[in-house]
Amino acid sequence: MPNRNPNLARLKAGYLFPEIARRKREFEASRAGGGTPASRIISLGVGNTTEPILPHICAALEEGARALGRTETYSGYMDEGLEELRRRISSVYYGGRFGPDEIFISDGSKCDIGRLQVLFGSEARVCVQDPSYPVYVDGSVLSGAAAGRQETGGGYGGIRYLPCTAANGYFPDLSAIEEGSVIYFCSPNNPTGAAASAEQLNALVRQARATRSFIVYDAAYADYIRDPGLPRSIYEADGAAECAIEVNSFSKSAGFTGVRLGWTAVPHKMAYTDGGSVNADWARIMATVFNGASNIAQAGGLAALDGEGQKEIRALTDFYLGNAALILEVLRKKGIPCMGGGNSPYIWANFAPEKSWDAFSRILERCHVVTTPGAGFGPAGECFIRFSAFGHRADVEEACGRLGRLL
Ligand code: PLP
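Residues numbered from 1 in each chain as written. Predicted model: local features only at pLDDT ≥ 70, side-chain atom pairs only at ≥ 80, totals over all residues. Heavy atoms only, no water.

Caption draft 1: Structural context of the overall build of the chain. When you go through the chain residue by residue, the secondary structure sums to 13 helices and 13 strands. Its C-alpha atoms give the chain a radius of gyration of 21 Å, within 12% of the compact-globule value 22 Å for 407 residues. Each principal axis of the C-alpha atoms in the chain carries an extent, and together these give about 60 × 55 × 55 Å. With 407 residues in all, the chain has 53% of them scored as buried. Contacts in the chain between residues far apart in sequence, at least 24 positions, make up 74% of those at least 6 positions apart. Charge-centre separation for the chain: the mean point of 41 positive side chains lies 5 Å from the mean point of 44 negative side chains. (Helix = DSSP H or I, 4+ residues; strand = E, 2+ residues; numbered from the N terminus. Rg over C-alpha atoms; globule rule 2.2 N^0.38 Å. Buried < 20%, exposed > 50% of the residue type's maximum accessible area, 1.4 Å probe, protein only. Contact = heavy atoms within 4.5 Å. Lys, Arg positive; Asp, Glu negative; His and termini not counted. Charge placed at Lys NZ, Arg CZ, Asp CG, Glu CD.)

Listed below in structure tokens is the structure:
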């Protein structure tokens, strides 16, 4: 029998969201046994979108499916993705600065983040914002990046955490970045909701270049930025094309969480220490382990990037930001210090000195509202709760009413 990959054993206890689902089920079961009066449990927990895809983009998806049923418009594998889609992504998100061979279409940014680790292998030194979206850490652990290094009590051995706290304005101390690191950086951030300023991104890129590190910049929430002074891409920082890969997605902007479409920008200018091309390696990896994004999804992606599609993206993200404003208002009225919500669908609420999982349970038991315990995103997330603005308006209003009355 083959041995189990030892990296699997290095993963910390259950992935955060299955654990939340388990606790919710447990609570429901305890309610069924009597006690707590029944009221519907509302989720302000997960980052899953809830609203329908808007008509222009949805019509393109429908037409994309119909095209597969006609001989003259049928298409099979499209390994590298539609060239027109790659051009439009470059034009809408990067001011046209990249050629189509620098944009790689994928089935979503999480999948790309997982695959990206193959570029750097098990020797990579990994830096992550703490707290951070779990796949940067868990994916690195799976790829062996944390193997053979010292386990740090309570944290995740071998991976350098860059704490993002109220004290540093949720932007890390960059001097902790070691030579030759792979730095995962997410803005607007999941879970803190912090959106980095132009000065901060410039400093990040300067530090990456000074330490000959690479940045993997996750811009999955870029379309939530409303403050016109905030950068929507790492490439707005000088010199980023030499040291940064950017992942992005149609999931949270166009509601494609179930459709699956994203992309990764890998500039030609990026080179390893030995001068080798990162772009060429990424093309090789994608050609080896990926067979292209769905043709139907790409038809929808094209529509999302035309004038009408962009209006729909704005309307959909405005809707979720409206939810965020409601949640922010009720938490602030309760005197709970909060971050995010203005340029992000996440609100990061500080319940200190109460521990995250205790606050999670208290909110669930009193308000019948599911949230996400901040401790699940890294050690610096302890005592925080992440509220997500993805929900139907009536549910968010109901949840906010309960939080206002019962918390
Ligand atoms: N990046 C961040 C920061 C996310 O929060 C998420 C989803 O929640 C993703 C990436 C995954 O997006 P996708 O649906 O494109 O895989």
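Here the narrative resumes.
Caption draft 2: Geometry of the side chain of Thr264. Inspection of the secondary structure puts Thr264 in strand β8 (residues 262-265). We classify Thr264 as buried; its relative accessible area is 0%. A polar side-chain atom of Thr264 sits 2.6 Å from a polar atom in the side chain of Asp112. For Thr264, the residues in contact, after removing those within four places along its chain, are Glu102, Ile103, Phe104, Asp112, Ile245, Glu246, Val247 and Trp282. (Polar contact = N/O pair within 3.5 Å; in protein donor to acceptor, adjacent residues only side chain to side chain.)

Caption draft 3: The arrangement of the site of the ligand in detail. Near the ligand lie 14 residues; those nearest to it are Asp218, Tyr221, Ser249, Ser251 and Lys252. With respect to the ligand, the side chain of Asn190 contributes an N or O atom lying 2.7 Å from an oxygen atom. Note that an oxygen atom of the ligand is positioned 2.6 Å from one of the side-chain N or O atoms of Lys252. Isolated, the ligand exposes 390 Å² of accessible area, and the fraction of that covered by the protein chains is 92%. For the shell around the ligand, the class distribution of residues is 5 nonpolar, 5 polar and 4 charged. (Near = heavy atom within 4 Å. Areas by Shrake-Rupley, 256 points an atom, 1.4 Å probe, with all protein chains shown as cover. Nonpolar A, V, L, I, M, F, W, Y, C, P; charged D, E, K, R; others polar.)

Caption draft 4: Here's a closer look at the pairing of strand β13 (residues 384-388). Taking burial as the measure, the 5 residues of β13 include 5 buried ones, the bulk of the element. With burial as the criterion, each face of β13 is covered, one bearing Phe384, Arg386 and Ser388 and the other bearing Ile385 and Phe387. In terms of strand pairing, strand β10 (residues 346-350) meets β13 through 5 bridges, oriented antiparallel. Bridged to Asn350 within β13 is Phe384. (Pairing = 2+ DSSP bridges.)

Caption draft 5: Here's a closer look at helix α4 (residues 83-94). For α4, spanning 12 residues, the distance from its first C-alpha to its last is 16 Å, which sits close to the expected 16 Å at 1.5 Å a residue. Those residues of α4 that are buried are in contact with β2 (103-106), β7 (244-249), β8 and α10 (295-304). Of the residues trailing α4, Gly95 is marked for its positive phi of about 55°. (Expected span 1.5 Å × (residues − 1).)

Caption draft 6: Structural view of the packing of helix α11 (residues 307-333) against helix α13 (residues 393-406). α13 packs onto α11 with a crossing angle of 10° between their chain directions and a minimal axis gap of 9 Å. By the criterion of interaxial angle, the relationship of α11 to α13 is roughly parallel. Note on element contacts: α13 touches α11 through Arg393, Val396, Glu397, Cys400, Leu403 and Gly404, opposite Phe319, Gly322, Asn323, Leu326, Ile327 and Val330. Of the residues belonging to the contact of α11 with α13, the class tally is 7 nonpolar, 3 polar and 2 charged. (Axes fitted to C-alpha atoms, helices over the stretch in contact; angles between N-to-C directions. Parallel < 35°, antiparallel > 145°, perpendicular 65-115°, else oblique.)

Caption draft 7: Spatial organisation of the sheet that holds strand β3 (residues 125-130). What the 7 strands build is an open sheet, ordered β2-β8-β7-β6-β5-β3-β4; its pairing is mixed. What marks the edges here is a single partner per strand, and that holds for β2 and β4 (159-163). Pairs of neighbouring strands in the sheet enclose a mean axial angle of 20°, with direction left out of account. In this sheet, strand β6 (residues 214-218) lies alongside strand β5 (residues 181-186) in parallel orientation, the contact comprising 5 bridges. Bridge pairing in β6 links Cys186 to Asp218. Contacts from α4 reach β2, β7 and β8, with the element oriented near 110° to β2.

Caption draft 8: Fine view of the domain arrangement of the chain. For the chain, the assigned domains are domain 1 (6-53 + 309-406) and domain 2 (57-306). On a C-alpha basis, the centroid separation for the pair domain 1 and domain 2 is 25 Å. Counting residues at the interface gives 37 residues for domain 1, matched by 50 residues for domain 2. Here domain 1 is connected to domain 2 by 1 salt bridge. Notably, a salt bridge pairs Arg226 with Asp318, separated by 3.0 Å at the nearest N-O pair. On the surface where domain 1 and domain 2 come into contact, there are 16 residue pairs in polar contact (both at pLDDT 80 or more). For the side of domain 1 that touches domain 2, the secondary structure elements donating two or more residues are α1 (6-10), α11, β9 (338-340), β10 and β13. Here the residues of the side of domain 1 that touches domain 2 sort into 17 nonpolar, 14 polar and 6 charged. (Domains from an automatic or database assignment. Salt bridge = Lys/Arg side-chain N within 4 Å of Asp/Glu carboxyl O.)

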